[in-house]
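# Fold and contact review
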Amino acid sequence: MALPKEPRQKMINLMYLVLTALLALNVSSEILNAFKVVDASLKSSNTNITTANGTLYKSLEDKLSDPQSAEKAKIWEPKAKDAKKLSEDLYNYIDGLKKELIQEAGGATAEQPLGKEDDLEAATRLFGEGEHGKKKGKELEAKLKAYRDAMLAIDPAIKTEFEKTLAVDGAAPVGQDGKPKDFTIGYFHMTPTVAALTLLSKFQNNVKNSENQVVTYCHNKIGQVTVIMDQAAVLVGQSSNYVMPGQEITVTAGVGSYSSKAAPKISIGGAGVAVENGVATYKFQASGAGSRKVPVTVTYLDQNGVSKTETKEIEYTVGTPGGAAVMLDKMNVFYIGVPNPVTIGSPTGWDKTNVSMSGGSISGTGSNRVVTVSSVGKATITVSADGKPSTFEFRIKRIPDPIVKVGPGTPRMQSVVFKAQQYIRAELENFDFDARFSVLSGTAYFTGAGFTRPEQGNFTGGNLGSLSGLISKCGPGSSVIFDNVKVQGPDGTVRTIQNPPAYSLY
C-alpha cells in the first residue's frame, strides 16, 4: 500500500494496517472451546488406558507365581516393566512442559486455570529456537524419538511387531504442500496456549497407547488376562416371596466371587444400582396383585478377563386385599413418552367400578388399561368399587438417556473396524420398554496419528457420511471424540448426551 503525503491520511492508513494485523491474530472462542473439549477427552482416554494397563501389570505379577506360567513370565514381565518405566518418565516430562507453558502464559488463576488461553507467543517462547526461545521443542522431539527407539529395543520381537505401528513416532508434522515441516514450527509456532496444551495431551495419549501396545504384547506371550476372584458375595436373593401391596421388598444381587479391581455392574428392574463389596441392594414397594417378576442383570469379568452379561428374574407374589388393586405391568413407575400398561383389579363387577386418574390419562376398559404421562412427578389412580374409593400413588420418570455408540462401542477399537462404520446410534440398555431414540446431530474431533492438528467435523442424523474424509485419515494411534450429540426420544424432546463416546484406535 502506497502511503499518501497528507499526514492525517497517513495516520488513518497506518491504523488500518494495525487493526488488520490484530484481527488476523485473534483466535475465536469457539476454536478455543473446541481445543478444551478435545483436551478433556484426551485426559479421560489417558485415565482409561492407565486403568487397562494396571490390569495387565497385576495379571503379569500373578503369572510369576503361577507354576504353569512362571517360566515365560520371568522373561516377559521384566520387559513390560521396562516399557512402564520408559512411559512414566516421558509422560511426567510432558506434564512438566504443561506446567511451564501455563507459567509462560501468565500463570494459572481462578479465572484462567490454563493461563491466557489465546496467547500466541507463550508456546513460541517456550518451544522456539529464537533469541528468547527456551528450545523445549527440540528437546521434546529428541525425547520422543529416544523413547520410540528405547521401546523398540526392549526386545527384537517387539521391534518386529511395532516398528511401523508404535503410537509414538516423533515424526515432524506434514504441511499442506505434503512436505515435512520443522517439528517445533509445525506444532508450536504462534500456537494458542490451549492448543499447545492439547497437543501435549495428544503426545501423552500416544505414550499411553504405546505402553499398552507393548505391555499387551508381552502379556500375550504368556497368556490372556486373568482376573483373580478375591472376594465372595451373594448371588441373587430377596427378603420375601409373598407380600401385600405397599410392603417393601429388598433384592440383593452380585456374582458368586468377584475381583475388587473389576467390580460388576448391576441393574435391577431396569435401573442401575450402586455396587458395594460386590453386592447391589435394591428396595421397592410391592404393587399390583398376583405373580410378579423383577429382572436382574449382572455384567462382570470372568476368570479369563472376558466381559459377560447374565439376566435372572426374581419372582414374588402380591396378595390382593379385600378391595380394589392396581398392578403395573412394568414395575412401579410410569415413563413419559411410552404407553404404560397396567392391570386393575376390582372386588365387584365392572358395572359397579369407576376408574379415574390425576397426573396423566388412562384409557381402556376392564382390567387391562394403558396410562400416558407427560411430566416428571407423581400420579394417582383412583378405583371406586361399589362406591368405595381406593387411591394408588405412582412415580413418573422420564426415559433414561440412551448410550451413543459407533460400531461395537468399545473405548479401544481397531482402526479398520472404526473406518468401516457409517452410522452412529443411540441405544437404551436394560430398559423394559420398546422405546427408541434417534440421533439428530453432533460434532466429532479427530487427533493423533494421521492428524498434525486436531480436526473437527459435524454430522446430521445417524449417518456419518459427512465425516468420511476425516474417518479415512484415521489409523492406529488416532483418537476420535464425539461431542454435543443430540438425540430425540419417543416423547419428542431433544436431549444432549452428557457422556458422548470417545474412541482410541489401535
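The model shown is predicted, which means the values in this text are computed figures rather than measured ones.

## Notes on the environment of Pro500
Its place among the elements puts Pro500 in the loop between strand S26 (494-496) and strand S27 (502-505). For Pro500, a relative accessible area of 22% gives the class partly exposed. Beyond its immediate chain neighbours, meaning those up to four positions away, Pro500 contacts Phe482, Asp483 and Val485.

## Comments concerning the nonpolar core
The nonpolar side chains of soluble globular proteins are, as a tendency, buried together. With 46 residues, the main nonpolar core has Leu140, Phe188, Leu200 and Phe203 as its most contacted residues. Every element with two or more residues in this core is listed here: helix H2 (29-65), helix H3 (70-104), helix H4 (122-127), helix H5 (136-152), helix H6 (156-162), helix H7 (183-188) and helix H8 (193-220). Among all residues touching Phe188, those that are not within four sequence positions of it are Ala123, Thr124, Phe127, Leu140, Phe183, Ala196, Leu199, Leu200 and Phe203. Core analysis: the second largest hydrophobic core is formed by 32 residues, Leu470, Val485, Val487 and Leu505 among them.

## Side note on H5
A rise of 1.5 Å per residue sets the reference length of H5, with its 17 residues, at 24 Å; its end C-alpha atoms lie 24 Å apart and thus fit the reference within 8%. When H5 is considered as a whole, its buried residues turn out to be Lys136, Gly137, Leu140, Glu141, Leu144, Tyr147, Arg148, Met151 and Leu152. The arc enclosing the buried residues of H5, seen along the axis, measures out at 145 degrees, which places them on a common side.

## Some remarks on the environment of Leu440
Structurally, the position occupied by Leu440 is in strand S23 (residues 438-448). With 21 residues separating them along the chain, Leu440 and Gly461 place their C-alpha atoms 4.3 Å apart.

Cut-offs used in this document
Residues numbered from 1 in each chain as written. Predicted model: local features only at pLDDT ≥ 70, side-chain atom pairs only at ≥ 80, totals over all residues. Heavy atoms only, no water. Helix = DSSP H or I, 4+ residues; strand = E, 2+ residues; numbered from the N terminus. Buried < 20%, exposed > 50% of the residue type's maximum accessible area, 1.4 Å probe, protein only. Contact = heavy atoms within 4.5 Å. Core = buried A, V, L, I, M, F, W, Y, C linked by side-chain atoms within 4.5 Å. Expected span 1.5 Å × (residues − 1). Arc of directions from axis to C-beta.

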